[in-house]
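Report on the structure
Each chain, written out:
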Amino acid sequence: MKKAVHFGAGNIGRGFIGLLLSKAGYHVTFIDIIDKLVEDINALGKYNVQITGKPDKISVENISAIDSDKDDVAVEAVVEAIADADIITTAIGPNSLQYLGENLAKGLTKRLQTKKTPLNVIACENMFGSSTTLKNFVYAKLSDDVKNELNKIVGFPDAAVDRIVPNQPYGEKLLVTVEEYAEWDVDSKQVVGDLSDIEGLNLVDNLNAYIDRKIFTVNTGHAAIAYLAYQRGINDISNAMRIPEILETTRDVWAETSALLIAKYRFAPANHRRYVEQVERRFSNPYLSDEVIRVGRSPKRKLAPNDRIIYPANQLALHDINPEALGKVAAAAFKFDFDGDTEAVEIQNYILANGIDAAISHFTGVTLSSKLFYIIKKNY
């Protein structure tokens, strides 16, 4: 049986990537640092996935788990699993990729001595160039000679993933509830060997187009709803979609990002409109709803120059389109003052100490003389 190693046994790991790999005939070894989760996976040897609105559950079998934070024996087991894997994937969050560098470097180095078949390492994270970023963390731990050898057999193809995982019900151990829609696009030009055996993994020639389409529609839209809803004291995304003003502003955001995507990648307008409408239906579905605070968390990252709000807003300026709606969302993000989020607290403390003008420039990189700066401050 083919072997997959997946870092992150959370809801996306089990309910999306692990599910597809298991269905493709792989034994999936989950790597995680949560003791109880690892124990449950090893004790049960399987779990169920529930598609919202569907009566039957999907059983995922041929699985095991390793607690990578337990002890030296566990770390060695992780290294061995990497060395023997046929595919490696992650779903741990962009900020955690850096912590995989050392173990992946050890495992891939060992692989050169034991197994020289093609291997792809795919980071399935909500960020631009996630696998490339992971590769940089790994290669920082390697000598040039090892890098040259790995380049012949190991690929780090970037990917775009999209599947909503709603709040999970209590009860059945390891059960994951997910929406029916799922998209996993992988850059075909960066793949080493063959990944055609994994149904649901789509090899695409222009991944940037698919990444931008997903980020600027799903992630940007989700953030817009969350930050606007937080200002009104609304706790739930689907409930927020019933507020006319929030829906109108979110649609304005999508109109701006759609104009950018169509201009940049020549998407067919009618096809892209249907994609946006589908995303709106997904966010309005009460079975898929999420907590506003959870969606809005990490505002510092989401306000960064290369992320979901500021990046498309700056791109719009290059196409002579004023990002009025995106600027309004950025202003709402600066008002996200949830004291349980360290990034939100950092932003609020910075505003208190330095003022909103300095904060806008500091966290977004937007200059005081730009149109976007004016729009953000006006709405703030």
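The structure displayed is predicted, hence computed values, not measured ones.

**Brief notes about the packing of helix 7 (residues 207-231) against helix 9 (residues 244-265)**
- Between helix 7 and helix 9, the shortest axis-to-axis distance is 10 Å and the interhelical angle comes to 165 degrees. Classified by the interaxial angle, the pair formed by helix 7 and helix 9 is roughly antiparallel. The two elements helix 7 and helix 9 cross, and the hand of that crossing is right-handed. Packed against helix 7, whose contacting residues are N208, A209, D212, R213, F216, T217, T220, G221, A224, I225, L228 and A229, the element helix 9 presents I246, T249, T250, V253, W254, T257, L260, L261, K264 and Y265 at the interface.
- When its residues are assigned to classes, the contact of helix 7 with helix 9 shows 12 nonpolar, seven polar and three charged.

**Side note on the sheet that holds strand 3 (residues 47-51)**
- Spatially, the three strands line up as an open sheet ordered 4-3-10, and their pairing is mixed. Of all strands in the sheet, those with a lone pairing partner are strand 4 (57-60) and strand 10 (176-178), marking the two edges. In this sheet, adjacent strand axes meet at a mean angle of 25 degrees when their direction is disregarded.
- Packing against the sheet, helix 1 (residues 11-23) makes contact with strand 3, strand 4 and strand 10, and its axis sits at approximately 100 degrees to strand 3.

**A look at the pattern of salt bridges**
- A full pass over the atoms with the stated rule returns 25 salt bridges.
- K115 is the salt-bridge partner of D86, the closest N and O atoms lying 3.3 Å from each other. Taken together, the positions of D86 in the loop between helix 3 (72-83) and strand 6 (87-90) and K115 in the loop between helix 4 (101-114) and strand 7 (119-123) put the pair 29 residues apart, joining distant regions of the chain.
- Looking at K115, the relative accessible area reads 18%, which means it is buried.
- Here E183 ties to R213 by a salt bridge, and the two come within 2.9 Å at their closest N and O atoms. In this pair, E183 is assigned in strand 11 (residues 183-187) and R213 in helix 7, connecting sequence segments 30 residues apart. For the residue pair E183 and R213, the accessibility class agrees, reading buried in each case.

**Thoughts on helix 14 (residues 324-334)**
- Burial runs high along helix 14: nine of the 11 residues are buried.
- Looking at helix 14, one finds that the buried residues are A325, L326, G327, V329, A330, A331, A332, A333 and F334.

**Quick notes on the sheet that holds strand 2 (residues 26-32)**
- Taken in spatial order, the six strands of this open sheet run 5-2-1-6-7-8, and their pairing is parallel. Strands at the two margins of the open sheet, each flanked by one partner only, are strand 5 (63-67) and strand 8 (154-155).
- Contacting strand 2 and strand 5, helix 2 (residues 35-44) runs over the sheet at an angle of about 150 degrees to strand 5.
- Helix-sheet contacts for helix 3 involve strand 1 (2-7), strand 2, strand 5 and strand 6, and the interaxial angle to strand 5 is about 135 degrees.

**A word on helix 7**
- Counted at 1.5 Å a residue, the expected span for helix 7 with its 25 residues is 36 Å, and the 35 Å between its end C-alpha atoms agrees.
- Along helix 7, the sharpest change in direction is near 30 degrees and occurs at I215.
- Here helix 7 lies mainly inside the structure; 21 of its 25 residues are buried.
- G233 lies just past helix 7 and shows a positive phi near 75 degrees.

**Remarks on the side chain of R163**
- When you line up the elements, R163 lands in the loop between strand 9 (159-162) and strand 10.
- The buried charged residue R163 lacks any salt bridge partner; its closest oppositely charged side chain belongs to E179, at an N-O distance of 5.8 Å.
- Here E179 takes part through its backbone oxygen, which lies 3.0 Å from a polar atom of the side chain of R163.
- One polar contact links the side chain of R163 to the main-chain carbonyl oxygen of Y181, over a distance of 3.3 Å.
- With sequence-adjacent residues up to four places away left out, R163 is seen in contact with I12, G15, F16, L19, I51, V178, E179, E180, Y181, A182 and R282.

**Remarks on the nonpolar core**
- Counting residues in hydrophobic clusters, the biggest one holds 60 residues, and the most contacted among them are Y227, F283, F334 and I376.
- Of the residues forming this core, the biggest block, 13 residues, is contributed by helix 7.
- Setting aside anything within four residues of it in sequence, one finds I376 in contact with I310, G327, A330, A331, F334 and I360.
- The next biggest cluster of nonpolar side chains, apart from the first, holds 35 residues, and it includes L37, I87, L174 and V176.

**Points about the packing of aromatic side chains**
- Per the counting criterion, the structure on display carries 12 aromatic pairs.
- Each ring, one from F128 and one from Y311, has its centre 5.4 Å from the other, and the planes form 55 degrees; the classification is tilted. In this pair, F128 sits in the loop between strand 7 and helix 5 (130-139) while Y311 sits in helix 13 (residues 310-318), placing the two residues 183 residues apart along the sequence.
- The exposure class assigned to F128 is partly exposed, which follows from its relative accessible area of 28%.
- Measuring from ring centre to ring centre gives 6.1 Å for Y139 and F156, while their planes differ by 90 degrees; the resulting arrangement is edge-to-face. Separated by 17 residues along the polypeptide, Y139 in helix 5 and F156 in the loop between strand 8 and strand 9 bring together distant segments of the chain. Of the two residues, Y139 and F156, neither departs from the other in class, the shared state being buried.
- Pairwise contacts between aromatic rings join F128, F216 and Y311 into one cluster.
- Above the ring of Y47, the side-chain terminus of R14 is found at 5.8 Å from the ring centroid.
- Above the plane of the ring of Y380 lies K335, whose end atom (NZ or CZ) is 4.3 Å from the centre.

**Quick notes on unusual backbone geometry**
- At N62, a position not held by glycine, the phi torsion is positive, near 55 degrees.
- Since its relative accessible area comes to 40%, N62 is described here as partly exposed.
- At R266, a position not held by glycine, the phi torsion is positive, near 60 degrees.
- R266 sits in the exposed class, given a relative accessible area of 70%.

What counts and what doesn't
Along each chain, numbering runs from 1 in the same order as the chain's sequence is written. Since the coordinates come from a predicted model, pLDDT governs what is reported: local features require at least 70, and pairs of side-chain atoms require 80 or more to be given and counted, while whole-chain, interface and lining totals use all residues. The side-chain numbers reported here are obtained from all heavy atoms of the structure, hydrogens and water having been left aside. The convention used is that axes are lines fitted to C-alpha atoms, helices contributing only their stretch in contact, and that angles between N-to-C directions extend from 0 to 180 degrees. Under the DSSP-based scheme used, a helix requires at least four consecutive residues in state H or I and a strand at least two consecutive residues in state E, with every element numbered from the N terminus. For this classification, under 35 degrees means roughly parallel, over 145 means roughly antiparallel, 65 to 115 means roughly perpendicular, and everything else is oblique. Helix crossings are classified by the rotation of the near helix relative to the far one: an anticlockwise turn of less than a right angle makes the crossing left-handed, while a clockwise turn makes it right-handed. The criterion used for residue contact is that any of the two residues' heavy atoms lie within 4.5 Å. Side-chain classes are defined by residue name, with Ala, Val, Leu, Ile, Met, Phe, Trp, Tyr, Cys and Pro counting as nonpolar, Asp, Glu, Lys and Arg as charged, and the others, Gly among them, as polar. Here the rule is simple: two strands pair whenever DSSP picks up at least two bridges between them. Here, a salt bridge means any Lys or Arg side-chain nitrogen found within 4 Å of an Asp or Glu carboxyl oxygen. Accessible area is worked out with a 1.4 Å probe on protein chains only. A residue is then buried under 20% of its type maximum, exposed over 50%, and partly exposed in between. A helix's residues, less one, multiplied by 1.5 Å, set its expected span. Note on bend: at a given residue it equals the angle between the axes fitted to the 7 residues ending there and to the 7 starting there. The charge count includes Lys and Arg as positive and Asp and Glu as negative, but it does not include His or the ends of the chains. For this analysis, a polar contact is any N or O atom pair within 3.5 Å, provided that within protein one partner can donate a hydrogen and the other can accept it, and provided that sequence-adjacent residues contribute only side-chain to side-chain pairs. Nonpolar cores are built from buried Ala, Val, Leu, Ile, Met, Phe, Trp, Tyr and Cys residues. Side-chain atoms within 4.5 Å join them into one set. Centres within 6.5 Å make a pair out of two Phe, Tyr or Trp rings, where for Trp the six-membered ring is used; the pair is then stacked when the planes are under 30 degrees apart, edge-to-face when over 60, and tilted otherwise. Placement of a charge over a ring requires the Lys NZ or Arg CZ to be within 6 Å of the ring centre, with the centre-to-atom vector within 35 degrees of the ring normal.

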